[in-house]
Amino acid sequence: MASSTFAGQGHGTLADQAYRSIADRLVTLRIRPGEPVNDERIATELGFGRTPVREALKRLEHERLIVAYPRRGTFATEVQIADLGHISEVRLQLEPLAAGLAAERASEGDRAELDRLLARLAKTSGGEHDLIRLDMTLHRAIYAATRNPYLEDTLIRYDNLATRIWCLFLDRLPGLAGHVHEHGPLLRAIIDRDAEKAKALAASHVEGFETAIRGVI
């Protein structure tokens, strides 16, 4: 999973692999908010030395997924519902931008990948966690198709934070499958190079996410 959900290109360095694996645990709440993050234990589980794990943890701290306290240790950040509005505010600007750029810039290879994901989406009937991972995969494919690595990295960070909030309320959120399947028309618009439609669908998707969360808090 770690190599598919968070990997954009290949397996990368050991620090990259450690980052993807730990990020996956944090985003999907297998490491719960407030839970200690022990670099030695994680290094042992991953079969890595502590150096790449520590490098990964520095990156995750910068991305607000963990927090380190002097003499206390490192912990998964709490999920603050007050952050929902801030995160949605950023995503409401950047997700439509990414969708429009993807429609304009995606290579033939990108479009083939999006088409493959569209077919996978049409067939999916997985459980909650499978749907969440598919949702993240779809978002990352769109971000990659923008051909803007800075925008891609920024959106991955905010999608991770949004997905943590989603996972926190997963047992109370109705219509998870419908939320994920909203990507179908969005992917089709990008494949068809319809930038304006892609932008509108991406904006609607972000707004729908925030509305759904606020409906259960």
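Up top is the structure these notes are about.
The sections below set out a description of the structure shown in this document.

Scoring rules and cut-offs
Residues numbered from 1 in each chain as written. Predicted model: local features only at pLDDT ≥ 70, side-chain atom pairs only at ≥ 80, totals over all residues. Heavy atoms only, no water. Pairing = 2+ DSSP bridges. Helix = DSSP H or I, 4+ residues; strand = E, 2+ residues; numbered from the N terminus. Expected span 1.5 Å × (residues − 1). Buried < 20%, exposed > 50% of the residue type's maximum accessible area, 1.4 Å probe, protein only. Arc of directions from axis to C-beta. Phe/Tyr/Trp six-rings, centres within 6.5 Å; stacked < 30°, edge-to-face > 60°. Axes fitted to C-alpha atoms, helices over the stretch in contact; angles between N-to-C directions. Parallel < 35°, antiparallel > 145°, perpendicular 65-115°, else oblique. Left-handed = near helix turned anticlockwise from the far one by under 90°. Contact = heavy atoms within 4.5 Å. Nonpolar A, V, L, I, M, F, W, Y, C, P; charged D, E, K, R; others polar.

1. Quick word on the pairing of strand 2 (residues 73-76)
Where strand 1 (residues 66-69) lies against strand 2, 4 bridges are found, and the strand directions are antiparallel. What sits directly across from Tyr69, in strand 2, is Gly73. Where strand 1 hands over to strand 2, the hairpin turn is made up of 3 residues, of which Arg71 adopts a positive phi near 65°.

2. A few points about helix 11 (residues 195-214)
Given a rise of 1.5 Å per residue, 20 residues ought to cover 28 Å, and the 29 Å separating the end C-alpha atoms of helix 11 matches this to within 8%. All of the buried residues in helix 11 are Ala195, Ala198, Ala202, Ala203, His205, Val206, Phe209 and Ile213. Looking down the long axis of helix 11, one finds its buried residues gathered within 150° of arc, a one-sided arrangement. Residues of helix 11 that are exposed and point more than 90 degrees away from the buried face comprise Glu196 and Thr211.

3. Quick look at the packing of aromatic side chains
Applying the stated rule across the entire model yields 2 aromatic pairs. Measuring from centroid to centroid gives 6.4 Å for Trp166 and Phe209, while their planes differ by 80°, and the two rings are edge-to-face. Residue Trp166 is found in helix 8 (residues 149-168), and its partner Phe209 is found in helix 11; the two are separated by 43 residues along the sequence. When sorted by exposure, Trp166 lands in the same class as Phe209, which is buried.

4. A word on the packing of helix 5 (residues 83-105) against helix 8
Between helix 5 and helix 8, the least distance of the axes is 10 Å, while the angle of their chain directions is 135°. Relative to helix 8, helix 5 is oriented oblique. As for the relative orientation of helix 5 and helix 8, their crossing is left-handed in sense. Contacts between helix 5 and helix 8 pair Leu84, Ile87, Val90, Arg91, Leu94, Glu95, Leu97, Ala98 and Leu101 from the former with Leu151, Thr154, Leu155, Tyr158, Asp159, Leu161, Ala162 and Ile165 from the latter. Looking at side-chain class alone, the contact of helix 5 with helix 8 contains 13 nonpolar, 1 polar and 3 charged residues.

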